[in-house]
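Spelled out from the first residue to the last, the chains are:
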Amino acid sequence: MSMTFGWSSSVTLLFDFWDVHGPAGMVLSVFVVLLLTVFYEVLKVWRLWLSSSSKLAQPQSAYTPPPTYRSDSTSALDSSPSESSLTPIETPPPTASTTSRWLLHAIQTALHMLQVSLGYMLMLCVMSYNTWIFLGVVLGSVLGYFISFPLVVQK
């Protein structure tokens, strides 16, 4: 296998059954790699959007907030936050929000696993040192980011 970029229309990508011989197969393979790269970029931005827009992703404080009121009859020391305002409140039993947080975490973990696996597969495609495949990955990345950028802006 050559370790320099070439313009050949014959290459084996990822698996033995993905053996490309000829221009038509190369065009189809570049298109498939381009679509996989677009999906990778959309998945990356979607995970970011999902984690930042979810109300469940916001950690809840286990401490009571300090008092915000102050009357003229109380001294400045009495109205300042004390140790009692920093004591943990009783933790409620697991509720639907706790279950939802775990579900969101499980979904995020599965999406991360998919993103990492797809990223390594695309890296291995580029490591075939075929210029057409490389251009398919680069153009797919550009197109995927262009398509998914509005999700980042809506944040």
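Only a predicted model underlies this, so the values are computations on that prediction, with no experimental measurement involved. (Residues numbered from 1 in each chain as written. Predicted model: local features only at pLDDT ≥ 70, side-chain atom pairs only at ≥ 80, totals over all residues. Heavy atoms only, no water.)

Draft legend 1. Looking closely at the overall build of the protein chain. Along its length, the protein chain carries four helices and two strands. Written out in order from the N terminus, the α and β elements of the protein chain read β-β-α-α-α-α. Within the protein chain, the fraction of its 155 residues that count as buried is 24%. A sequence separation of at least 24 residues applies to 72% of the contacts in the protein chain between residues at least 6 apart. Accessible surface, the protein chain: about 11100 Å² in total, of which carbon and sulfur atoms supply 70%. (Helix = DSSP H or I, 4+ residues; strand = E, 2+ residues; numbered from the N terminus. Buried < 20%, exposed > 50% of the residue type's maximum accessible area, 1.4 Å probe, protein only. Contact = heavy atoms within 4.5 Å. Areas by Shrake-Rupley, 256 points an atom, 1.4 Å probe, with all protein chains shown as cover.)

Draft legend 2. Summary view of the environment of Thr-131. Structurally, the position occupied by Thr-131 is in helix α4 (residues 131–154). On a C-alpha basis, the gap between Thr-131 and Ser-8 in space is 8.0 Å, while along the polypeptide they are 123 residues apart. Once residues within four sequence positions are removed from consideration, Thr-131 is found in contact with Phe-5, Gly-6 and Trp-7.

Draft legend 3. Examining the nonpolar core more closely. In this structure, Leu-13, Met-26, Val-33, Leu-122 and Ile-133 are the most contacted members of the largest nonpolar core, which totals 13 residues. Elements that contribute at least two residues to this core include exactly α1 (23–53), α3 (96–126) and α4. The leading source of residues in this core is α1, at four residues. In this structure, Met-26 is in contact with Ser-8, Ser-9, Ser-10, Val-11, Val-20, Asn-130, Trp-132 and Ile-133, ignoring residues within four places of it in sequence. (Core = buried A, V, L, I, M, F, W, Y, C linked by side-chain atoms within 4.5 Å.)

Draft legend 4. Representation of the packing of aromatic side chains in the model. Enumeration according to the criterion identifies five aromatic pairs in this entry. Each ring, one from Phe-15 and one from Phe-17, has its centre 5.3 Å from the other, and the planes form 0°; the classification is stacked. Exposure remark for Phe-17: the relative accessible area of 72% places this residue in the exposed category. Here a set of aromatic residues connected by ring pairs shows up, and it is made of Phe-5, Tyr-129 and Phe-134. (Phe/Tyr/Trp six-rings, centres within 6.5 Å; stacked < 30°, edge-to-face > 60°.)

Draft legend 5. Seen up close, the pattern of salt bridges. A full pass over the atoms with the stated rule returns one salt bridge. We note a salt bridge from Glu-41 to Lys-44, for which the minimum N-O separation is 3.3 Å. Here the residue Glu-41 and the residue Lys-44 both occupy positions in helix α1, the gap between them amounting to three residues, near one helical turn. In this structure Glu-41 comes out as buried when scored by relative accessible area, which is 6%. On the basis of relative accessible area, Lys-44 is assigned to the partly exposed category, the value being 34%. (Salt bridge = Lys/Arg side-chain N within 4 Å of Asp/Glu carboxyl O.)

Draft legend 6. Structural context of the UniProt feature "transmembrane region" (unreviewed entry) in the protein chain. In the numbering adopted here, UniProt assigns the feature "transmembrane region" (unreviewed entry) to residues 20–43 and 129–153. Taken end to end, residues 20–43 comprises 88% helix and 8% strand; its first and last C-alpha atoms sit 27 Å apart. (UniProt positions renumbered as here; feature names shortened; annotations may be inferred.)

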